[in-house]
Amino acid sequence: MTVFLYNGTALLSAYLFMEFVAWFSHKYIMHGFLWKWHKDHHINDMKPAQVRHEEGFVWEKNDLFFLIYAVPAMILMITGFAVQEFILVSVAIGITLYGMTYFIVHEIIYHQRLTISFLQKNHSNYMGAVIRAHRAHHHPKNKKDFDSYGLLIFPFKHFKS
Ligand SMILES: [Zn+2]
Ligand SMILES: [Zn+2]
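Colleague: For this particular structure, what's the right way to read the packing of helix α2 (residues 35-46) against helix α7 (residues 125-138)?
Modeller: If you want to describe how two helices pack, look at the angle between their axes and the distance between the axes. Two elements in contact, α2 and α7, have axes whose closest approach is 10 Å; the angle formed by their N-to-C orientations is 105°. Judged by the inter-axis angle, α2 sits roughly perpendicular to α7. Residues H38, H41, H42 and D45 of α2 form the contact with α7, whose participating residues are H134, H137 and H138. Residue composition of the contact of α2 with α7, by class: no nonpolar, 6 polar and 1 charged.

Colleague: I keep staring at the coordination of the zinc ion (ligand 2) and nothing clicks. Help me out?
Modeller: In ideal tetrahedral geometry, four donors around a metal make angles of 109.5 degrees, whereas ideal octahedral geometry with six donors gives angles of 90 or 180 degrees. Note on the zinc ion (ligand 2): its protein donors are H41 (NE2), H106 (NE2), H111 (NE2), H134 (NE2) and H138 (NE2). The metal-donor distances range over 2.1 to 2.2 Å. Motif for the zinc ion (ligand 2), donor spacing along one chain: H-x64-H-x4-H-x22-H-x3-H. Separated by 32 residues along the polypeptide, H106 in helix α5 (residues 86-110) and H138 in helix α7 bring together distant segments of the chain.

Colleague: How do you make sense of the pattern of salt bridges when you look at a structure like this?
Modeller: One side chain can pair with another of opposite charge once the charged atoms of both are near each other. Applying the stated criterion across every chain yields a total of 6 salt bridges. In this structure, K47 engages E55 in a salt bridge whose closest nitrogen and oxygen atoms are separated by 3.1 Å. Here E107 makes a salt bridge to R113, at a shortest N to O gap of 2.7 Å. Neither E107 nor R113 differs from the other in exposure class; each is buried.

Colleague: Whenever I open this one, α2 confuses me. Can you help?
Modeller: Quick reminder: α-helices carry 3.6 residues per turn. Residues three or four places apart thus point the same way. Taking 1.5 Å per residue, 12 residues should reach 16 Å; α2 reaches 16 Å between its end C-alpha atoms and fits that length. Among all positions of α2, only H38, H41, H42, N44 and D45 are buried. Buried residues in α2, looked at end-on, bunch into an arc of 160°, giving them a common side. Of the exposed residues in α2, those oriented more than 90 degrees away from the buried face are K36 and M46. For α2, the elements touching its buried residues are α1 (8-33), α3 (49-55), α4 (64-82), α5 and α7.

Colleague: So what exactly am I meant to see when it comes to the packing of aromatic side chains here?
Modeller: How two aromatic rings sit relative to each other is given by the distance of their centres and the angle of their planes. Taken as a whole and judged by the stated rule, the model has 18 aromatic pairs. Ring centres of Y15 and Y98 lie 5.5 Å apart, and the angle between their planes is 75°; this geometry places the pair in the edge-to-face category. Of the two residues, Y15 is situated in helix α1 and Y98 in helix α5; the sequence distance between them amounts to 83 residues. Each member of the aromatic cluster is reached from another via a ring pair, and the members are Y15, F66, Y98, Y102 and F103.

Colleague: Explanation requested: α1 in the structure shown.
Modeller: The end-to-end C-alpha distance of α1, which contains 26 residues, comes to 35 Å, matching closely the 38 Å that a straight helix rising 1.5 Å per residue would cover. Maximum bend of α1: about 40°, positioned at H26. Elements that come into contact with the buried residues of α1 comprise α2, α4, α5 and α7. The distance from a side-chain oxygen at the start of α1 to the backbone nitrogen of T9 is 3.1 Å, and the residue carrying that oxygen is N7.

Colleague: Hey, could you run me through the nonpolar core in this one?
Modeller: Soluble globular proteins tend to pack their nonpolar side chains together in the buried interior. By size, the foremost hydrophobic cluster in this structure holds 19 residues, and its most contacted members are Y98, M127 and L151. Residue assignment for this core shows that the elements contributing at least two residues are α1, α5 and α7. The contact partners of L151, leaving out residues within four places of it in the chain, are E19, Y98, Y102, V105, H106 and V130.

Colleague: Whenever I open this one, the layout of surface pockets confuses me. Can you help?
Modeller: By rolling a water-sized probe across the atoms, one finds the places where empty space is left. A volume near 550 Å³ is recorded for the largest pocket. The wall of the largest pocket is formed by 23 residues, among which R52, H53, H111, Q112 and R113 lie closest to the centre. Among the elements of the structure, α2, α3, α5 and α7 are those that each provide at least two residues to the lining of the largest pocket. When residues of the lining of the largest pocket are assigned to their parent elements, the largest contribution, 4 residues, is made by α3. Residues belonging to the lining of the largest pocket are distributed by class as follows: 7 nonpolar, 10 polar and 6 charged. What lines the second largest pocket is a set of 19 residues, and nearest its centre among them are F65, F66, Y69, G99 and Y102. Of all the elements in the fold, those that place two or more residues in the lining of the second largest pocket are α1, α4 and α5. The element best represented in the lining of the second largest pocket is α5, accounting for 8 residues.

Scoring rules and cut-offs
Throughout, a residue's number is its position along its own chain's written sequence, starting from 1. Written order determines the labels here, with chains lettered from A and ligands numbered from 1. Per-residue local features of the predicted model are confined to residues with pLDDT of at least 70, and side-chain atom pairs are confined, for both listing and counting, to 80 or more; whole-chain, interface and lining totals are unaffected and use all residues. Neither water nor hydrogens contribute to the side-chain values; these are computed over all heavy atoms in the structure. Each axis is a line fitted through C-alpha atoms, and for a helix only the stretch in contact is used; angles between axes span 0 to 180 degrees, taken between their N-to-C directions. Secondary structure elements follow DSSP: runs of H or I no shorter than four residues count as helices, runs of E no shorter than two count as strands, and numbering proceeds from the N terminus. With respect to orientation, any angle under 35 degrees is reported as roughly parallel, any angle over 145 as roughly antiparallel, any angle of 65 to 115 as roughly perpendicular, and every other angle as oblique. The contact rule is simple, with two residues in contact once any of their heavy atoms fall within 4.5 Å. Side-chain classes are defined by residue name, with Ala, Val, Leu, Ile, Met, Phe, Trp, Tyr, Cys and Pro counting as nonpolar, Asp, Glu, Lys and Arg as charged, and the others, Gly among them, as polar. Keep in mind that water is not among the atoms, so a site may look incomplete; donors are the N, O and S atoms within 2.8 Å of the metal, or 3.2 Å for Na, K and Ca. Whenever Lys or Arg places a side-chain nitrogen within 4 Å of a carboxyl oxygen from Asp or Glu, that contact is recorded as a salt bridge. With a 1.4 Å probe rolled over the protein chains alone, any residue whose accessible area is under 20% of its type maximum counts as buried; one over 50% counts as exposed, and the rest are partly exposed. Multiply 1.5 Å by the residue count of a helix minus one, and that product is the helix's expected span. Taking the helix axis as origin, the arc is that swept by the directions to the C-beta atoms. Classification of ring pairs rests on two measures: the distance between centres of Phe, Tyr or Trp rings, Trp counted by its six-membered ring, which must be within 6.5 Å, and the angle between planes, read as stacked under 30 degrees, edge-to-face over 60 and tilted in between. Here the bend at each residue means the angle between axes fitted to two seven-residue stretches, the one ending at that residue and the one beginning there. Here a polar contact is recorded for every N or O atom pair within 3.5 Å, except that within protein the pair must consist of a potential hydrogen donor and a potential acceptor, and residues adjacent in sequence are included only if both atoms are side-chain atoms. Among the buried residues, those of types Ala, Val, Leu, Ile, Met, Phe, Trp, Tyr and Cys that are joined through side-chain atoms within 4.5 Å form a nonpolar core. We place a 1 Å grid over just the protein atoms. Points where a 1.4 Å probe fits but has no way out form a cavity, open points with protein on both sides within 12 Å along at least 5 of 7 lines form a pocket, and any residue with an atom within 4 Å of a point lines it. Grid points are joined across faces, edges and corners, and a volume is the space filled by probe spheres set on the points.

That's the geometry; what it means functionally is another story.
This is the structure:
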């Protein structure tokens, strides 16, 4: 039996790098040539809260991006275990943890597509700022607001409400 050794630096670097990947793909791909997949996410968010509540959970074409981002993590994970290269496995875990964070913060805490009430109230200062930054992207008051393409890293101004 092989002892599983993970590499914390590789894991954390992959996690942080994914915030860059998410920012980059949101800005240049989702609001670029794959806008046709991202559009329904913005349209659903324009609906009044009451309508969204009545509709319940609806799939969005935008959810396809989760599948796409899962592929490199799966390939790295399988390859890493196959060749016993735990740096690859650690990178795969970092990518996966980022995907889970994105799901919890973006789909559950911000868009409330599923009701998990303990996550949806009593936000920390930081989570409050995450929410304001993403709200600025969906409901911009000016052109610069719309520019909040990142999820966890965003302009400092969102800390002061
Ligand atoms: Zn967007
Ligand atoms: Zn959103």
